[in-house]
Amino acid sequence: MSGSRLVRSSQDLVRLMQDGYAVRIVNGFLVVNDIPFVDDAAQVQRGSFLCPLDLSGDTTAPPSTHVMCFVGGVPRDKDGQPIDGLVNDGVERWSASPDLTATCGFSQKKPTGNYTDFHEKVTYYAAMVSGPAQAVDPDATPYTFKPVETDEDDGVFVFVDTYSSRAGITELNALLALDKVVIIGLGGTGSYLLDLLAKTPAVTLHLYDGDSLRSHNSFRAPGAASIDDLRAQMKKVEYYEHMYSAMRRGIKPHPINVTAENVSEILDANFVFLAMDTGPDKETIIKALTAHGVPFIDTGVGLSRDCNGVNGQIRITTSTPARTEHIERDGLISYFAGDDAEYDTNLQVAELNALTANLAVLRYKKLLGFYADNEDERHTVYALDSNDLHNRYGAFEANAEEDSREEPLPPEWDDAL
């Protein structure tokens, strides 16, 4: 088991990380870096705790020894004098590696008995060592919140996801660990979809877009592309793969558009997001996904400028294997300009692209059980001028023609369909 996986599976080590301690595992030893201490000259320095780990399967067990070693110096009190009873020259000075060899050892037992776990052991010694340092420098804290790097076989994230554990949603987050998620189109909405999905534990994120990154793309996308990025004329998918690989693994760039010739590549996906222009390829993709029972969300942004400013609507439409009839029957998705060109204008604004992506990912996470979902709607339109959010095809709607529970729709709704 890799060190980072052990950290994530052991609640006492998770609590240390959440507190802000710089935790890592080296050759079977628990190492806690950046512990402030006072040296012989009454100056604040930083060292590391070092102690062997006790394990029970793939998690930590209660510490079998009360001894703790220290790397980097000999901690003193605020005046540079020995701390009474802390350092014990008789204990073994452990070594985890050539650069992690103990300078001294401590032998402090709890007044009430053995340490119950490594969180208690580390925090007990930290109070004794860091207390004098904080008396010299109030900003000398062991809470550095440094990331814990993961191994290649240790999940999709390059460093341990402390957010989920801190928020208490680790089990819910695991629901999002689909094997293959596809994003078709990495323009404004598609790039924000990636930004959100990159923070989920999906094993692979497959990106399809044949276009290159251009200056106008950077003004409606997350992050900040540099002028060198733009001059490189990278394909969008390659740029975003490079950008998000700093945080996670499993991003698969495909610098091509999805057409009838290669649509088979996405039919094994667990979920597909469409953020692409209208056209025959879009019709081909949606019909193929529907026929093969692949769940998907299609997005649309339809904006224009009128006398009062930019106006229009955004849309997300959801299809799952058990509920596809609304896709073809009611013409919710336009495939060709002129058929329903409400969503075909080139006017795009970053915040509305981001809102579209957020609504789509909210719907996706509801489908997977991450969020509570009472309505189970399959079609949502947001009207910009009125700030209204309209839902259709909810769980209580028997069909599109008969639903006594549904509120009367506003006159502009038919135009949005």
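This text follows the structure it describes.
Rules behind the numbers
Residues numbered from 1 in each chain as written. Predicted model: local features only at pLDDT ≥ 70, side-chain atom pairs only at ≥ 80, totals over all residues. Heavy atoms only, no water. Pairing = 2+ DSSP bridges. Helix = DSSP H or I, 4+ residues; strand = E, 2+ residues; numbered from the N terminus. Axes fitted to C-alpha atoms, helices over the stretch in contact; angles between N-to-C directions. Contact = heavy atoms within 4.5 Å. Phe/Tyr/Trp six-rings, centres within 6.5 Å; stacked < 30°, edge-to-face > 60°. Buried < 20%, exposed > 50% of the residue type's maximum accessible area, 1.4 Å probe, protein only. Lys NZ or Arg CZ within 6 Å of the ring centre and 35° of its normal. Polar contact = N/O pair within 3.5 Å; in protein donor to acceptor, adjacent residues only side chain to side chain. Salt bridge = Lys/Arg side-chain N within 4 Å of Asp/Glu carboxyl O.

Draft legend 1. The arrangement of the sheet that holds strand S3 (residues 44–52) in detail. On the basis of which strands lie adjacent, the open sheet formed by 5 strands has the order S1-S2-S3-S6-S9 and antiparallel pairing. Each having just a single partner strand, strand S1 (22–26) and strand S9 (104–107) make up the two edges of the open sheet. When the angles between neighbouring strand axes are averaged without regard to direction, this sheet yields 35°. Relative to the sheet, helix H3 (residues 118–136) contacts strand S2 (29–38), S3, strand S6 (67–71) and S9, its axis offset from that of S2 by approximately 20°.

Draft legend 2. Representation of the packing of aromatic side chains. Per the stated rule, a full pass over the model turns up 15 aromatic pairs. Each ring, one from Phe370 and one from Tyr371, has its centre 4.8 Å from the other, and the planes form 85°; the classification is edge-to-face. You can call Phe370 buried: its relative accessible area is 13%. Pairwise contacts between aromatic rings join Phe37, Phe49, Phe70, Phe106, Tyr115, Tyr124 and Tyr125 into one cluster. Sitting over the ring of Phe370, Lys365 keeps its end group 4.9 Å from the ring centre.

Draft legend 3. Structural detail: the environment of Ile316. Mapped onto the elements of the fold, Ile316 is located in strand S15 (residues 309–319). For the pair formed by Ile316 and Thr380, sequence separation is 64 residues and the distance between their alpha carbons is 5.4 Å. In this structure Ile316 touches Ile297, Asp298, Thr299, Thr356, Leu359, Ala360, Arg363, Arg378, His379 and Thr380, once residues within four positions along its chain are discounted.

Draft legend 4. Structural detail: the side chain of Arg249. Structurally, Arg249 is set in the loop between helix H9 (236–244) and strand S12 (251–254). Side-chain polar atoms of Arg249 contact the backbone oxygen of Phe157, separated by 3.1 Å.

Draft legend 5. Main features of the pattern of salt bridges. Enumeration over the complete set of coordinates arrives at 16 salt bridges. Notably, a salt bridge pairs Arg315 with Asp298, separated by 2.9 Å at the nearest N-O pair. With Arg315 in strand S15 and Asp298 in strand S14 (residues 296–306), the pair connects residues that are 17 residues apart, well separated along the chain.

Draft legend 6. View of the environment of Val44. Along the polypeptide, Val44 turns up in strand S3. For the pair Val44 and Pro75, spaced 31 residues apart in sequence, the C-alpha separation works out to 9.5 Å. Discounting chain neighbours no more than four positions away, the residues touching Val44 are Pro36, Phe37, Ala133, Val136, Asp137 and Ala140.

Draft legend 7. Inspection of the sheet that holds strand S16 (residues 379–383) at higher detail. The strand order S12-S11-S10-S13-S14-S15-S16-S17 describes an open sheet built from 8 strands, whose pairing is mixed. Across the chains shown, the open sheet's two edge strands, defined by having one partner strand only, are S12 and strand S17 (388–392). Neighbouring strand axes in the sheet, compared pairwise and without regard to direction, differ in orientation by 15° on average. Direction of pairing for S15 relative to S16: antiparallel, over a ladder of 5 bridges. Residue pairing in the sheet places Ile314 in a bridge with Tyr382 of S16. Across the sheet, helix H6 (residues 188–197) lies against strand S10 (180–184), strand S11 (204–208), strand S13 (271–274) and S14, angled at about 155° from S10, the strand it touches most. Docked against the sheet, helix H12 (residues 350–367) engages S10, S13, S14, S15, S16 and S17, running at close to 20° with respect to S15.

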